[in-house]
Amino acid sequence: MDMILLTKSSIPIIGQLASIMGWIMDGIYRVLDLVGIQNLGLCIIIFSIIIYLLMTPLQVKQQKFSKLSSVMQPELQKIQKKYKDKKDQASMQKMQEETQLVYQKYGVSPTGSCVQLLIQFPVLMALWQVIYKIPGYVGSVKNVFTGLVDQITSVSGYTDLIQSFITDNKMTRVQLALDNGKATSNSVIDFLYALSPSQWKDLASMDQFKGFADTINTTSAEISKMQNFCGLNIADQPLNYIKAAFEGASIALAIAAIMIPILSWATQVLSYKLMPQAAASGDSNDTMQASMKTMNTVMPLMSAVFCFTFPVGLGIYWIASSVVRSIQQLLINRHLDKMNIDDLVN
């Protein structure tokens, strides 16, 4: 899976939403920087909280729809039972009309839940873009690399050197963007941002770059400070910490790294369990609910597997967003439980 981290998303709607979220992310970093905190992990957590708080109205509507759906089901099932053995066009039309009246009675649309999910989808995709492409949206992070990039791009054959480094280190999520056969400055920043601490040392030891090894080490120290979260580098992969532990590195860091996929799985499972489910109204809905249950089981497991080989920062985002969603859903559920049906309809 190849990614160009610094290149902003150009997908319609998602790209525009990502730019807006990028301003928020950059603003959060600048505010933290003013109080002496340069930590992208904390920035990701605060960013996730703010975005999901802004999405609260959509969450309320979705959970309100689910609660009303469970109340409507006895009436809908009664209609289905009434017309169960009547397959003529007139009866089918009558059944549709009576079903529609039930939805109107409770003030909801049959597609209400789908509409809420469709609205949230581009927002969540844009959110993911910003988290995964931090240098493209946070100017303070990009600026850390500018001096070093100027020196690297002045070296003859730097594109081939970087490409060989990417290949040798199996940096599969980094792809160089070329302009007239040379890697662009932005894609060099992509490459540098994705480096782990050990890879920074390997870069500084390259013969072609030894002339400015001090600049490489200084840049590495500065960005590593920004990327450090509880001892882990958010650009590194949990799997690398686990492998390093077998070679004599810190076991504590390996344990911390293992907790990223475990917490990602656990918090997403909790979030799904707190999500209200509409009761079934027929065989098709039973099938759909079975599919949703399977997806709610598989998705957290998949994210846990991905977390081992994805940057720690992405795992932090998944954990933070799941925790925020869980708290959000718990509070909304309690609020809706206190309301009577008339208030819900209105």
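Residues numbered from 1 in each chain as written. Predicted model: local features only at pLDDT ≥ 70, side-chain atom pairs only at ≥ 80, totals over all residues. Heavy atoms only, no water.

What follows is about a nonpolar patch on the surface. Taken together, the side chains of Ile251, Ile255, Ile258, Met259, Ile262 and Leu263 define a hydrophobic patch exposed on the protein surface, amounting to about 500 Å² of accessible area. The topology assignment puts Ile255 in helix 13 (residues 251–274). A residue is classified by how much of its surface remains accessible, and Ile255, at 48% relative accessible area, is partly exposed. (Patch = residues over 30% accessible without salt bridge, like charges linked within 9 Å, V, L, I, M, F, W, Y side chains within 5 Å. Areas by Shrake-Rupley, 256 points an atom, 1.4 Å probe, with all protein chains shown as cover. Salt bridge = Lys/Arg side-chain N within 4 Å of Asp/Glu carboxyl O. Helix = DSSP H or I, 4+ residues; strand = E, 2+ residues; numbered from the N terminus. Buried < 20%, exposed > 50% of the residue type's maximum accessible area, 1.4 Å probe, protein only.)

Core analysis: the largest hydrophobic core is formed by 70 residues, its most contacted members being Phe145, Phe191, Leu192 and Leu203. When residues no more than four places from it in sequence are discounted, the contact partners of Leu192 are Phe145, Leu148, Val149, Ile152, Trp200 and Leu203. Leu68, Leu76, Tyr103 and Tyr106 belong to the second largest nonpolar core, which has eight residues in total. (Core = buried A, V, L, I, M, F, W, Y, C linked by side-chain atoms within 4.5 Å. Contact = heavy atoms within 4.5 Å.)

Within helix 9 (residues 185–193), seven of the nine residues are buried, leaving the element largely enclosed by the surrounding structure. Every buried residue belonging to helix 9 is among Ser187, Val188, Ile189, Asp190, Phe191, Leu192 and Tyr193, and all of these are buried.

The subject of this paragraph is unusual backbone geometry. We note that Asn180 has phi near 60 degrees; this positive angle belongs to a residue other than glycine. Here Asn180 is to be found in the loop between strand 1 (178–179) and strand 2 (182–183). Despite not being glycine, Cys230 has its phi angle at roughly 55 degrees, a positive value. With respect to the secondary-structure elements, Cys230 resides in the loop between strand 3 (228–229) and strand 4 (232–233).

Our focus in this paragraph is the environment of Val60. Along the chain, Val60 falls in helix 3 (residues 56–82). Take Val60: its relative accessible area is 28%, and that puts it in the partly exposed class. With 275 residues separating them along the chain, Val60 and His335 place their C-alpha atoms 9.6 Å apart.

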